[in-house]
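# What the coordinates show
The lines below spell out each chain.
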Protein chains: 2
Amino acid sequence: MATEVDTEITHLKNQLAQRHLKLTRQREIVLDAFLKNDHITAEALYQQIAKTNAHLGLATIYRTLNLLCELGIGQERHFGDNKTTFDNVLHKKHHDHLICYKCGKIVEFECSEIEKLQEEMADKHGFILQNHKLELYGYCKDIENCEKSITTPTPAVGVPTS
Amino acid sequence: MATEVDTEITHLKNQLAQRHLKLTRQREIVLDAFLKNDHITAEALYQQIAKTNAHLGLATIYRTLNLLCELGIGQERHFGDNKTTFDNVLHKKHHDHLICYKCGKIVEFECSEIEKLQEEMADKHGFILQNHKLELYGYCKDIENCEKSITTPTPAVGVPTS
DNA sequence: ATGATATTGATAATGAAAATCAAAGTCGAA
DNA sequence: TTCGACTTTGATTTTCATTATCAATATCAT
Ligand SMILES: [Mn+2]
Ligand SMILES: [Mn+2]
Ligand SMILES: [Zn+2]
Ligand SMILES: [Zn+2]
């Protein structure tokens, strides 16, 4: 039976064709691996792929991830740390994030009231809103996972300010 | 008469003393220059200082800016570009920002309703909110300044996603 | 004034991400 | 199927903002 990934591969193939780009083995592998995650960094995906497939250059991971973003399958995010996190937004509507400083858990949420107020704020100050970035940082109450997990040697600092 | 800066220099001196740090000519210069701006990058401040004062090493600018952040006089921000913007928050309450993609104008705003809803969202998902990052990107209607200004060779891209 | 301690500045080091470029792969046309 | 124009890959170098080094210099409590 055609799997979810098969469908996406086909879709990717079409997207690529339109742009005179080619469907390569590497792109299939990256797409496949990327879709198995919700939020992942290029480096992490590189490691993940290295475990189960033949070697793929890190440059290719970056290039393909950027390509997926152009195709609307992924979106770049910048949570606390200094490395870009790629958000798998396939079949997802707009959402913002809650990030746990301690265990790094990321929860997606959406709040139409906030979105509406953002519009109002922009309007009030004479701006035509195009985009926004909203991230909530704190500590999750996930005893099972958070408490004993990553007792952060690197505090996974997000935004120490605000 | 004692100027605003004099007051701040005195305050800085006290803050430093408590931490066994010393008040240097360089720190005075950086503080003075920093307070003349609302939002500025290390590099920009470096250039600005270079025009009116004796030379100050870029490393010193960075070190002092970080120090000011520790003292609560400044806060690091990351708007679109890849360089850190230092927010002069002296005598300012919490606020978020509206950024113009075209001319780079930055407007500060605050919305208690949004802040409240953020709390609710965090709570709803089992998070203890510690911090947040909210930035609104778009285009300002400042005909005078925006329309004819920086016809961005570098589009001052912010967050192309979300 | 003096010395213990902190700071500066020139420069090297970092590290994530992008740029290079020759070798290899893809795919539409023949 | 074959061919070649065009794209992609991977190894490596480059970029660029920020931090780390460290010897020389400045600060300040006593
Ligand atoms: Mn997400
Ligand atoms: Mn501000
Ligand atoms: Zn957690
Ligand atoms: Zn503008």
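This text gives an overview of the structure that appears in the document.

Calculation rules
Each chain has its residues counted from 1, following the order in which its sequence is written. By the order in which they are written, chains take letters starting at A while ligands take numbers starting at 1. In view of the model being predicted, local features appear only for residues whose pLDDT reaches at least 70, and side-chain atom pairs are presented and counted only at 80 or more, with totals across whole chains, interfaces and linings using the full set of residues. Values shown for side chains rest on all heavy atoms present in the structure; no hydrogens or waters enter the calculation. Between any two strands, at least two bridges found by DSSP are needed for them to pair. The secondary structure listing takes helices from DSSP runs of H or I that are at least 4 residues long and strands from runs of E that are at least 2 residues long, numbered from the N terminus. Inter-axis angles, ranging from 0 to 180 degrees, are taken between N-to-C directions of lines fitted to C-alpha atoms, where helices are fitted over the stretch in contact. We call two residues contacting when some pair of their heavy atoms lies within 4.5 Å. The classification of residues rests on relative accessible area computed with a 1.4 Å probe and restricted to protein chains. Under 20% of the type maximum is buried, over 50% is exposed, and intermediate values are partly exposed. By this rule the span expected of a helix is its residue count minus one, scaled by 1.5 Å.

### Considerations on the sheet that holds strand β4 (residues 96-100) of chain A
Spatial ordering of the open sheet is given by β5(A)-β4(A)-β6(A)-β6(B)-β4(B)-β5(B), a layout of 6 strands whose pairing is mixed. Where the open sheet ends on each side, the last strands, each with one partner, are β5 (106-109) of chain A together with β5 (106-109) of chain B. Geometrically, the sheet is characterised by an average inter-axis angle of 25° between neighbouring strands, direction not taken into account. Where strand β6 (residues 127-140) of chain A lies against strand β6 (residues 127-140) of chain B, 13 bridges are found, and the strand directions are antiparallel. Across the sheet, the residue bridging to A:H132 is B:L136, located in β6(B). Those strands touched by helix α5 (residues 112-124) of chain A are β4 and β6 of chain A together with β4 (96-100), β5 and β6 of chain B, and its axis lies near 135° from that of β6(A).

### Overview of the pairing of β5(B)
Residue and element names in this part refer to chain B. Side chains V107 and F109 project from β5 onto a buried face, and the interleaved I106 and E108 project onto a face without burial. In the sheet, β4 pairs with β5 via 4 bridges, with the strands oriented antiparallel. Among the inter-strand pairings, L98 is bridged to a residue of β5, identified as V107.

### Observations concerning helix α4 (residues 58-70) of chain B
Residues and elements named next belong to chain B. Between its first and last C-alpha, α4 extends 19 Å over 13 residues, near the 18 Å set by a 1.5 Å rise per residue. Contacts made by the buried residues of α4 are with α1 (4-18), α2 (25-34), α3 (42-52), β2 (74-77) and β3 (85-88). Just downstream of α4, G72 is the residue with a positive phi angle, here 80°.

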